[in-house]
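Here are the chains, one letter per residue:
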There are 2 protein chains.
Amino acid sequence: MPRTPRPGGRTARTKAAVFEAAAELVAERGHEAVAMTDIAKRARVAATSLYRRWGDVRALLLEVAVEKLAADSPLPDTGSLRSDLRVWARRIAASLRAPGGSPFFRIMLANAPPPDDGDMGRATALGSRLQQIAAMLDRAAARGEAAPPLMDVIDHLLAPIYMRALFGAPIGAAFAHDLADRLCGPAKGDSQI
Amino acid sequence: MPRTPRPGGRTARTKAAVFEAAAELVAERGHEAVAMTDIAKRARVAATSLYRRWGDVRALLLEVAVEKLAADSPLPDTGSLRSDLRVWARRIAASLRAPGGSPFFRIMLANAPPPDDGDMGRATALGSRLQQIAAMLDRAAARGEAAPPLMDVIDHLLAPIYMRALFGAPIGAAFAHDLADRLCGPAKGDSQI
């Protein structure tokens with residue numbers, strides 16, 4: 001899948017270097033052992049400019065995690081909701097099994113808003129997943145397909161994958177497909193990818 | 001619901017004091033700001049004996065969290081699986097909404113085994129939930145009721161509640177009941193608590 005080229009400005013290059021340094025350090029030591037000064041040193045930038053832009057190391061690592069996780073599971077467009085959800089669920093499951101994927105998932109969990117916060121939109125990483133689900137459901141509606149409510153996709157497709165990733169239970173392709181099929185009801189001969 | 005009386009030995013009393021001190025400190029500051037020496041001071045015991053028994057503060061706090069979370073949602077025995085699951089789901093949802101409940105949930109998440117661990121049993125807190133689910137399913141089987149697979153209860157009842165707790169989405173009684181009803185299929189006039 002082709003990536004959009006990075007804008008070539010100095011700020012964009014610095015950001016790319018900072019993100020790369022942060023991602024490397026997280027992969028090497030785990031996010032709890034990564035300090036702002038470590039990232040600055042590895043990226044060859046001043047720590048003060050990192051503090052100015054991101055405030056603290058948690059905010060920076062959360063942004064890195066969101067970018068990594070989104071890149072790991074881009075939005076499919078297969079022509080049917082069932083197939084879209086199957087491919088999407090499979091990609092998310094695979095990215096959480098991948099050696100580089102899990103540490104970023106943990107950063108996202110560690111930085112979720114407090115449970116009594118009441119504002120789902122503040123969970124940045126989940127926010128991007130909500131947008132992806134809404135896009136798939138909108139396309140299904142435009143095609144005239146029946147579609148489950150958005151929260152059902154969160155509760156019965158995303159939640160089981162995250163839960164299994166968190167506790168180290170198996171999350172294979174068959175499991176991901178089964179979650180999509182449960183949401184879409186019995187198959188009626190549409191293409192299954 | 002009656003509690004089993006605490007065994008009266010000195011070790012048991014010390015453990016109770018340590019757990020109470022740890023739970024207070026977690027509620028006051030959040031688990032990331034609680035050190036072994038803080039707990040020792042509050043419980044009026046030697047820090048060295050805490051290190052000897054629990055190894056580190058994370059291990060101690062995980063044990064406290066598991067005990068707190070289990071006490072918040074004891075196992076119901078209503079006579080039907082649907083009602084058992086409804087009550088159990090509702091209690092877990094309520095305990096995660098409670099002001100004292102969420103910090104312990106976060107300790108449990110923060111101390112889950114790495115996703116590539118592959119051994120679900122190592123997640124102590126989830127382990128006690130697995131036992132509760134197995135007990136409800138066993139009783140259902142003994143009564144001759146149809147029952148979903150254990151992993152379905154994890155994936156489609158526990159995971160959605162945990163996910164919503166984590167991201168601050170609403171987890172009311174109606175939501176908990178709906179999860180139980182989905183697992184048990186359409187109601188056939190059995191008692192719904």
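Residues numbered from 1 in each chain as written. Chains lettered and ligands numbered in written order. Predicted model: local features only at pLDDT ≥ 70, side-chain atom pairs only at ≥ 80, totals over all residues. Heavy atoms only, no water.

> Looking at this structure, how should I read the overall build of chain A?
Counting its regular elements, chain A contains 9 helices and 0 strands. The N-to-C order of helical and strand elements in chain A reads α-α-α-α-α-α-α-α-α. Buried positions account for 46% of the 193 residues belonging to chain A. Within chain A, contacts between residues at least 6 apart in sequence are counted, and of these 66% link residues at least 24 apart. Accessible surface computed for chain A: about 9200 Å², of which carbon and sulfur atoms make up 54%. (Helix = DSSP H or I, 4+ residues; strand = E, 2+ residues; numbered from the N terminus. Buried < 20%, exposed > 50% of the residue type's maximum accessible area, 1.4 Å probe, protein only. Contact = heavy atoms within 4.5 Å. Areas by Shrake-Rupley, 256 points an atom, 1.4 Å probe, with all protein chains shown as cover.)

> How should I be thinking about the side chain of glutamine 132 of chain A in this particular structure?
All names here are of chain A. Here glutamine 132 is to be found in helix H7 (residues 124–142). Separated by 2.9 Å, the side chains of glutamine 132 and arginine 129 make a polar contact. When sequence neighbours within four positions are dropped, the list of residues in contact with glutamine 132 reads Ser73, Pro74, Leu75 and Trp88. (Polar contact = N/O pair within 3.5 Å; in protein donor to acceptor, adjacent residues only side chain to side chain.)

> Honestly, the nonpolar core in this entry has me stumped. Any pointers?
Soluble globular proteins tend to bury their nonpolar side chains together. In terms of nonpolar packing, the biggest core is built from 110 residues, with Ile39, Leu157 and Ile161 of chain A together with Ile39, Leu157 and Ile161 of chain B touching the most fellow members. Non-local contacts of isoleucine 39 of chain A, meaning those with residues more than four positions away in its chain, are made with Val18, Ala21, Ala22, Leu25, Val34, Leu50, Val57, Leu60 and Leu61 of chain A. (Core = buried A, V, L, I, M, F, W, Y, C linked by side-chain atoms within 4.5 Å.)

> Would you mind going over the packing of aromatic side chains with me for this structure?
The description of two aromatic rings rests on the distance between their centres and on the angle between their planes. One pass over the structure, following the stated rule, counts 4 aromatic pairs over all chains. Positioned above the aromatic ring of phenylalanine 175 of chain A, the side-chain terminus of arginine 164 of chain A is 3.7 Å from the ring centre. (Phe/Tyr/Trp six-rings, centres within 6.5 Å; stacked < 30°, edge-to-face > 60°. Lys NZ or Arg CZ within 6 Å of the ring centre and 35° of its normal.)

> Quick question: what am I supposed to make of the packing of helix H4 (residues 57–72) of chain B against helix H6 (residues 102–110) of chain B here?
Angle between the axes and distance between the axes: these two values describe a pair of packed helices. Residue and element names in this part refer to chain B. Across the interface, H4 lies against H6 with an axial gap of 9 Å and an inter-helix angle of 130°. With respect to their mutual orientation, H4 and H6 come out oblique. Like other packed secondary-structure pairs, H4 and H6 cross with a definite hand, here left-handed. Residues Arg58, Leu61, Leu62, Val64, Ala65, Lys68 and Leu69 of H4 form the contact with H6, whose own contacting residues are Phe104, Phe105, Ile107, Met108 and Ala110. Here the contact of H4 with H6 is built from residues that sort into 10 nonpolar, no polar and 2 charged. (Axes fitted to C-alpha atoms, helices over the stretch in contact; angles between N-to-C directions. Parallel < 35°, antiparallel > 145°, perpendicular 65-115°, else oblique. Left-handed = near helix turned anticlockwise from the far one by under 90°. Nonpolar A, V, L, I, M, F, W, Y, C, P; charged D, E, K, R; others polar.)

> What is the right way to look at the pattern of salt bridges in this model?
Opposite charge on two side chains lets them pair, provided their charged atoms get close. Within the structure shown, the criterion is met by 26 salt bridges over all chains. With a closest N to O distance of 3.2 Å, arginine 82 of chain B and aspartate 181 of chain B form a salt bridge. Separated by 99 residues along the polypeptide, arginine 82 of chain B in helix H5 (residues 81–97) and aspartate 181 of chain B in helix H9 (residues 173–184) bring together distant segments of the chain. For arginine 82 of chain B, a relative accessible area of 4% corresponds to the buried category. A cluster of three or more residues bridged by salt bridges with shared partners is formed by Glu24, Glu28 and Arg42 of chain A. (Salt bridge = Lys/Arg side-chain N within 4 Å of Asp/Glu carboxyl O.)

> Teacher, can you tell me more about the environment of leucine 126 of chain B here?
Residue and element names in this part refer to chain B. Following the sequence through the fold, leucine 126 ends up in helix H7 (residues 124–142). Here leucine 126 falls in the buried class, since its relative accessible area comes to 0%. In the structure, leucine 126 is positioned 105 residues away from alanine 21 in sequence and 24 Å away in space, judged by C-alpha atoms.

> Help me out: how do you make sense of the confidence of the model for chain A in this one?
Fine structural detail should not be taken from predicted coordinates in areas where pLDDT scores are low. Residues and elements named next belong to chain A. When the pLDDT values of chain A are averaged, the result is 84; 82% of them are 70 or greater. Confidence, read as mean pLDDT per element, is least for helix H6 (residues 102–110) in chain A (77) and greatest for helix H2 (residues 36–43) (97). Under a pLDDT of 50 for its full length, residues 115–122 has, in the predicted model, 15 contacts with residues more than four places off or in other chains. In the predicted assembly, ipTM is 0.76 and pTM is 0.78. (pLDDT = per-residue confidence, 0-100.)

> Mind showing me how you'd approach empty space enclosed by the protein here?
Taken as a whole, this structure holds 5 cavities of 30 Å³ or more when the rule is applied. Roughly 100 Å³ of volume is contained in the largest cavity. Lining of the largest cavity is provided by 13 residues; of these, Met163 and Leu166 of chain A together with Tyr162, Met163 and Leu166 of chain B occupy positions nearest its centre. Of all elements in the fold, only H6 and helix H8 (150–167) of chain A together with H6 and helix H8 (150–167) of chain B reach the threshold of two or more residues within the lining of the largest cavity. It is H8 of chain B that provides the largest number of residues to the lining of the largest cavity, a total of 5 residues. Of the residues that constitute the lining of the largest cavity, the class distribution is 13 nonpolar, no polar and no charged. (1 Å grid on protein atoms, 1.4 Å probe; cavity = no way out; pocket = protein on both sides within 12 Å on 5 of 7 lines; lining within 4 Å. Points joined across faces, edges and corners; volume = space filled by probe spheres on them.)

> Hey, could you run me through unusual backbone geometry in this one?
Residues other than glycine seldom take positive phi values, yet arginine 44 of chain A does so here, at roughly 60°. Here arginine 44 of chain A shows up in the loop between H2 and helix H3 (47–54).

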